[in-house]
Amino acid sequence: MRLLLAEDDWMIGQALREGLNQEGFVVDWVQDGRQAELALKAAAAEYALLLLDLGLPRRSGLDLLADLRRSRADIPVLILTARDSLSDRVLGLNSGADDYLVKPFELDELVARIHALVRRAAGRAEPVIEHGVLRLHPVKRECWLRGEPVELSAREFDLLYVLLEKPGAVLSRTRLEERVYGWGQEVVSNAIDVHIHHLRKKLGPGFIVNVRGVGYRVAKP
Ligand code: CA
């Protein structure tokens, strides 16, 4: 899952990126409001969530948030703020944020909130995704087929998760790439096809359908 992190504090940004990487997230990190704005203009739809510090140089987090919602982008936004004044948090929520955390916070809590927001944005209340004989647990990063655990690589898991978010929808290779790879991660030209090939071997050939010239989709159960 790919996230955008807007945080100007180098220590916090570094720690968050590392911690979230270890939890299986791909994190694009920007350190000021203007960079965040550009990243969102380029690819708001490819991010599962925006982690937004309110006190950012060049453009404030609140400004950015107001613009984002005006442009009708529905990306979930979790505010990170050191300011413990009530008015900032209220203002943030009223400007279109979905949740907030006050620094300092525990990584575990952040991760749980990210998963909850992403789940809600996808219209799910259940933490487990069920699709026919397949079960996927995004928080534990586990997958079962007919009750048996299936070992998936990190990329395979991410791809399957993205495809299962909208079962039946065809996603192009480019779109899939943009959803599971972050900045600076080298993608070889047939990477998606290779991962899908491995997924098909593990899940059975009929599960993921190749729509010729368009991309891939998950078959109806
Ligand atoms: Ca800050």
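Okay, so let's go over this structure. (Residues numbered from 1 in each chain as written. Predicted model: local features only at pLDDT ≥ 70, side-chain atom pairs only at ≥ 80, totals over all residues. Heavy atoms only, no water.)

## Some thoughts on the coordination of the calcium ion
Under ideal tetrahedral coordination, the four donors around a metal are separated by 109.5 degrees; under ideal octahedral coordination, the six donors are separated by 90 or 180 degrees.
Right, on to step 1. Within the protein, Asp8 (OD), Asp53 (OD) and Gly55 (O) serve as the donor atoms for the calcium ion, at 2.2 to 2.3 Å.
Right, on to step 2. Mapping the donors of the calcium ion onto the primary sequence yields the spacing D-x44-D-x1-G. Taken as a pair, Asp8 in the loop between strand S1 (2-6) and helix H1 (10-22) and Asp53 in strand S3 (residues 49-53) lie far apart in primary sequence, 45 residues in all. (Donors = N, O, S within 2.8 Å, 3.2 Å for Na, K, Ca; no water. Helix = DSSP H or I, 4+ residues; strand = E, 2+ residues; numbered from the N terminus.)

## Quick notes on the packing of H1 against helix H5 (residues 107-121)
Right, on to step 1. Close contact between H1 and H5 brings their axes to 11 Å; oriented N to C, the two are set at 65 degrees. For H1 against H5, the interelement crossing comes out right-handed. Of the residues in H5, those touching H1 at Leu16, Gly19 and Leu20 are Leu107, Leu110, Val111 and Ile114. (Axes fitted to C-alpha atoms, helices over the stretch in contact; angles between N-to-C directions. Left-handed = near helix turned anticlockwise from the far one by under 90°. Contact = heavy atoms within 4.5 Å.)

## With respect to the sheet that holds S1
Right, on to step 1. Spatially, the 5 strands line up as an open sheet ordered S2-S1-S3-S4-S5, and their pairing is parallel. The open sheet has two free edges, formed respectively by strand S2 (26-30) and strand S5 (99-102), since each of these has just one partner strand. Strand-to-strand twist of the sheet, defined as the mean angle between neighbouring strand axes without regard to direction, takes the value 20 degrees.
Right, on to step 2. Sheet contacts for helix H4 (residues 86-94): strand S4 (77-81) and S5; angle to S5, the most-contacted strand, approximately 155 degrees. (Pairing = 2+ DSSP bridges.)

## Re the packing of aromatic side chains
Right, on to step 1. Inspection of the entire model under this criterion finds 2 aromatic pairs.
Right, on to step 2. Relative to Trp29, the ring of Trp10 lies with its centre 6.5 Å away and its plane at 45 degrees, an arrangement referred to as tilted. You can see Trp10 sitting in helix H1 and its partner Trp29 sitting in strand S2, a full 19 residues away along the chain.
Right, on to step 3. A cation over a ring is seen here: Arg135 above Trp144, with NZ or CZ 5.4 Å from the ring centre. (Phe/Tyr/Trp six-rings, centres within 6.5 Å; stacked < 30°, edge-to-face > 60°. Lys NZ or Arg CZ within 6 Å of the ring centre and 35° of its normal.)

## Here's the deal with the pairing of strand S8 (residues 142-145)
Right, on to step 1. Both strand S7 (residues 134-137) and S8 contribute to a ladder of 4 bridges, which runs antiparallel. Looking at the pairing, Leu134 lines up with Leu145 of S8.
Right, on to step 2. Counting the residues between successive antiparallel strands, the hairpin from S7 to S8 contains 4 residues, one of them, Arg141, with a positive phi of roughly 55 degrees.
Right, on to step 3. Sheet analysis places S8 next to strand S9 (residues 148-149), joined by 2 bridges and oriented antiparallel. Residue Leu145 lies in a different strand from S9, and its bridge partner there is Glu148.
Right, on to step 4. Between S8 and the antiparallel strand that follows it, S9, lie 2 residues; Arg146 among them carries a positive phi value of about 50 degrees.

## Quick look at the sheet that holds S8
Right, on to step 1. Across the sheet, 4 strands lie side by side as S6-S7-S8-S9; this open sheet has antiparallel pairing. Only two strands of the sheet have a single neighbouring strand rather than two, namely strand S6 (129-131) and S9.
Right, on to step 2. Across the sheet, helix H6 (residues 154-165) lies against S6, S7 and S8, angled at about 110 degrees from S7, the strand it touches most.

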